[in-house]
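# A look at the structure
Take a look at the letters that make up each chain.
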Amino acid sequence: MSNYDVIIIGGGPGGYVGAIRCAQLGLKTAVVEGRGALGGTCLNVGCIPSKALLHASESYHEATTNFTKMGLMGKSPSVDLPTMMDYKQSVIDGNVQGIEFLFKKNKVDYIQGWGKITGVGEVTVGDDVHTAKNIVIATGSEPTTLPNVEVDEKIVVSSTGALALKKVPKKMVVIGAGVIGLELGSVYSRLGAEVTVVEFLDHITPGMDSDISKTLQRSLKKQGLKFVLGAAVQKVETTKTKAKVTYKLRKNDTEATIDADIVLVATGRKPYTAGLGLEALGVEMTERGQIKTDAHWRTNVEGIYAIGDVITGPMLAHKAEDEGIAVAETIAGQAGHVNYDIIPGVIYTTPEVASVGLTEDALKEAGHAYKVGKFNFMGNGRAKANFATEGFVKILADAKTDRILGAHILGPVAGELIHEICVAMEFGAAAEDIARTCHAHPTYSEAVREAALACGDGAIHA
Ligand code: FAD
Ligand code: NAI
């Protein structure tokens with residue numbers, strides 16, 4: 001039995017980052033993790049493995065489409081999926097070891113096993129009981145599925161199975177045109193699969209600015225992905241090697257089927273709280289199965305906090321990390337804070353998508369007077385040299401004050417470019433502040449400046 005200031009249950013981005021900050025603030029801290037590796041969903045079966053496969057498949061695509069255009073001649077590479085998966089695993093392993101090192105460096109104890117809160121201030125792991133003044137639940141989320149769709153992780157897979165396929169399918173059906181569906185659909189499409197994405201809504205990437213949704217869909221279609229929109233999946237039937245997906249078109253109720261070697265179910269994730277003992281403790285939950293917290297991540301039970309995917313808000317690693325830091329600061333008596341209005345969202349397709357703040361659709365609906373500064377990457381010299389002219393930067397600013405309200409980027413390294421705008425928004429900047437900041441040439445970032453200029457007297461290269 002050990003006594004701690006803080007025990008965090010779950011070693012994902014919320015839990016492990018929170019633990020390091022707790023230790024930095026002088027709190028005796030332990031993390032309980034059951035999966036046998038630190039890093040959570042994100043590192044083991046989420047952000048990092050998917051980005052490794054996106055990088056590998058994008059490199060393959062680049063080599064087979066653009067190399068000869070640049071005078072790089074020779075035999076095109078071919079795909080060896082097992083080796084690609086080994087590369088993916090080595091990236092995971094290296095990062096897992098990195099967190100173990102950080103735990104040792106910061107003197108965070110790593111308790112391996114599944115934790116249950118057996119009383120206020122008490123966490124039981126196997127036969128061991130540990131006590132703590134504060135307990136933070138950071139147990140993350142798990143994939144959802146649909147009625148009449150059984151995920152076997154062989155033919156009908158969740159993202160976890162899709163990140164570990166043994167061969168590239170000939171035909172793949174992806175259910176759900178959200179972030180996972182588009183990222184992993186892109187991976188297998190680039191590697192040679194015929195990918196059809198079936199989506200319930202009549203547009204892809206729900207919640208994103210509709211300008212982005214439409215242009216991204218056009219671009220992915222050009223790359224070979226097929227889309228069936230406004231379609232409710234009814235069932236998936238499988239044989240030993242194949243699947244048949246039946247869907248109904250919502251506009252006219254007609255039913256159709258698609259055959260596939262692999263079906264990826266990517267219809268969202270739900271909070272994971274199994275085995276924590278929350279009911280017995282009387283921890284309040286939302287209707288959607290999330291743990292209810294106040295603005296300081298406190299549950300209704302004294303000394304128990306919750307952060308990350310298991311509470312409300314976007315299911316994103318950086319949101320979980322920010323909450324981890326803020327809850328540590330709160331427990332240490334400081335003013336932990338997360339600005340939920342400025343959390344960027346990125347989709348790592350090609351072109352990449354990045355978004356922060358309000359969408360144009362939301363501004364219209366709210367009747368907010370705004371102006372739009374938009375700049376296409378076609379006018380950016382660096383993008384031209386790098387075959388990356390698809391897409392645009394769009395900045396939305398208040399019509400009167402010029403204060404930036406949101407930004408939406410589709411294009412090269414959008415996920416990097418967005419942070420200039422995030423920082424500007426944190427400082428309450430106007431579009432003119434970005435427009436008057438010198439940007440190095442030739443960079444993709446110049447497109448951000450041009451969009452900011454377009455909010456005022458006009459972009460130069462448009
Ligand atoms: P998790 O990372 O889910 O960690 C929770 C941990 O708690 C798990 O390791 C689990 O084993 C452990 N646990 C649960 N219950 C117990 C218990 N009782 N005892 C002990 N341990 C327990 N987000 C991004 O921001 N960018 C991306 O690019 C991105 N890509 C993604 C790709 C995929 C395929 C998926 C599935 C998700 C992706 N996400 C991405 C989302 C991201 O992974 C999550 O938002 C993030 O991992 C949430 O962090 P967390 O700490 O709340 O929970
Ligand atoms: P999602 O919520 O992004 O998308 C799910 C999609 O499935 C939606 O478009 C929804 O309309 C559709 N859908 C739901 N029911 C359906 C049905 N019956 N038939 C057809 N379509 C249906 O969820 P996704 O992609 O599973 O991702 C889960 C979470 O993981 C997200 O919240 C996301 O934030 C996170 N994630 C983040 C990434 C990133 O930041 N780059 C990458 C991958 C995941």
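First, a word on scope: everything that follows refers to the structure included in this document. (Residues numbered from 1 in each chain as written. Chains lettered and ligands numbered in written order. Predicted model: local features only at pLDDT ≥ 70, side-chain atom pairs only at ≥ 80, totals over all residues. Heavy atoms only, no water.)

Relative to strand β13 (residues 243-249), strand β12 (residues 231-238) runs antiparallel, the two being bridged by seven bridges. Paired with Glu237 across the strands is Lys244, a residue of β13. In sequence, β12 turns back onto β13 through a hairpin of four residues. One ladder, built from six bridges, connects β13 with strand β14 (residues 255-260); its direction is antiparallel. By the bridge assignment for β14, Thr246 is matched with Thr257. The hairpin turn running from β13 into β14, its antiparallel successor, is five residues long, and Asp253 in that turn takes a positive phi close to 65 degrees. (Pairing = 2+ DSSP bridges. Helix = DSSP H or I, 4+ residues; strand = E, 2+ residues; numbered from the N terminus.)

What follows is about the site of ligand 2. The local shell around ligand 2 holds 24 residues, among which Ile180, Glu183, Glu199, Gly268 and Val346 are the closest. Within the side chain of Glu199, one N or O atom sits 2.6 Å away from an oxygen atom of ligand 2. Here an oxygen atom of ligand 2 and a backbone polar atom of Ala266 are 3.5 Å apart. Computed on the free molecule, ligand 2 has an accessible area of 850 Å², of which 78% lies beneath the protein chains in the complex. (Near = heavy atom within 4 Å. Polar contact = N/O pair within 3.5 Å; in protein donor to acceptor, adjacent residues only side chain to side chain. Areas by Shrake-Rupley, 256 points an atom, 1.4 Å probe, with all protein chains shown as cover.)

Below, the discussion takes up the sheet that holds strand β19 (residues 352-357). Ordered in space as β18-β19-β22-β21-β20, the five strands form an open sheet in which the pairing is antiparallel. Whereas interior strands pair on both sides, the edge strands pair on one side only; in this sheet they are β18 (345-347) and β20 (370-376). Sheet twist, expressed as the average angle between the axes of neighbouring strands with direction ignored, equals 10 degrees. The pairing of β19 with strand β22 (residues 404-411) spans six bridges and is classified as antiparallel. In the sheet register, Val356 faces β22, and the bridge partner there is Ala407. Across the face of the sheet, helix α7 (residues 210-222) comes into contact with β19, β20, β21 (392-398) and β22 while running at roughly 0 degrees to β22. Each of β20, β21 and β22 is contacted by helix α14 (residues 445-454), which is oriented at about 145 degrees to β20, the strand it contacts most. (Axes fitted to C-alpha atoms, helices over the stretch in contact; angles between N-to-C directions. Contact = heavy atoms within 4.5 Å.)

Before going further, it helps to examine the site of ligand 1. The environment of ligand 1 is formed by 39 residues, the closest being Glu33, Thr41, Lys51, Gly115 and Ala317. Side-chain polar atom of Glu33 to an oxygen atom of ligand 1: 2.7 Å apart, as the coordinates give it. Here a nitrogen atom of ligand 1 and a backbone polar atom of Cys47 are 3.5 Å apart. Taken together, the elements giving at least two residues each to the shell around ligand 1 come down to α1 (13-24), β2 (29-33), α2 (40-45), α3 (47-65) and α9 (317-331). Among the elements that make up the shell around ligand 1, the one with the highest residue count is α2 (four residues). The class makeup of the residues in the shell around ligand 1 is 16 nonpolar, 18 polar and five charged. (Nonpolar A, V, L, I, M, F, W, Y, C, P; charged D, E, K, R; others polar.)

Our focus in this paragraph is the packing of α3 against helix α4 (residues 81-106). Between α3 and α4, whose axes approach to 9 Å, the crossing angle comes to 140 degrees. It follows that α3 is oblique to α4 by the angle criterion. Crossing of α3 against α4: the hand is right-handed. Of the residues in α4, those touching α3 at Ile48, Pro49, Ala52, Leu53, His55 and Ala56 are Met84, Met85, Tyr87, Lys88, Val91, Ile92 and Asn95. Here the residues of the contact of α3 with α4 sort into ten nonpolar, two polar and one charged. (Parallel < 35°, antiparallel > 145°, perpendicular 65-115°, else oblique. Left-handed = near helix turned anticlockwise from the far one by under 90°.)

Attention now moves to α3. With 19 residues, α3 should cover 27 Å at 1.5 Å per step; its first-to-last C-alpha distance of 26 Å lies within 8% of that length. Three or more residues of α3 are buried, namely Pro49, Ser50, Ala52, Leu53, Leu54, Ala56, Ser57 and Ala63. Residues of α3 that are buried sit in contact with α2, α4 and α6 (179-190). (Expected span 1.5 Å × (residues − 1). Buried < 20%, exposed > 50% of the residue type's maximum accessible area, 1.4 Å probe, protein only.)

Under the counting rule described, the total for this entry stands at 16 salt bridges. Asp211 is paired through a salt bridge with Lys374; the nearest N and O atoms lie 3.0 Å apart. In this pair, Asp211 sits in helix α7 while Lys374 sits in strand β20, placing the two residues 163 residues apart along the sequence. Judged by its relative accessible area of 24%, Asp211 falls in the partly exposed class. When salt bridges that share partners are traced, they join Asp209, Asp211, Glu360, Lys374 and Lys394 into one network. (Salt bridge = Lys/Arg side-chain N within 4 Å of Asp/Glu carboxyl O.)

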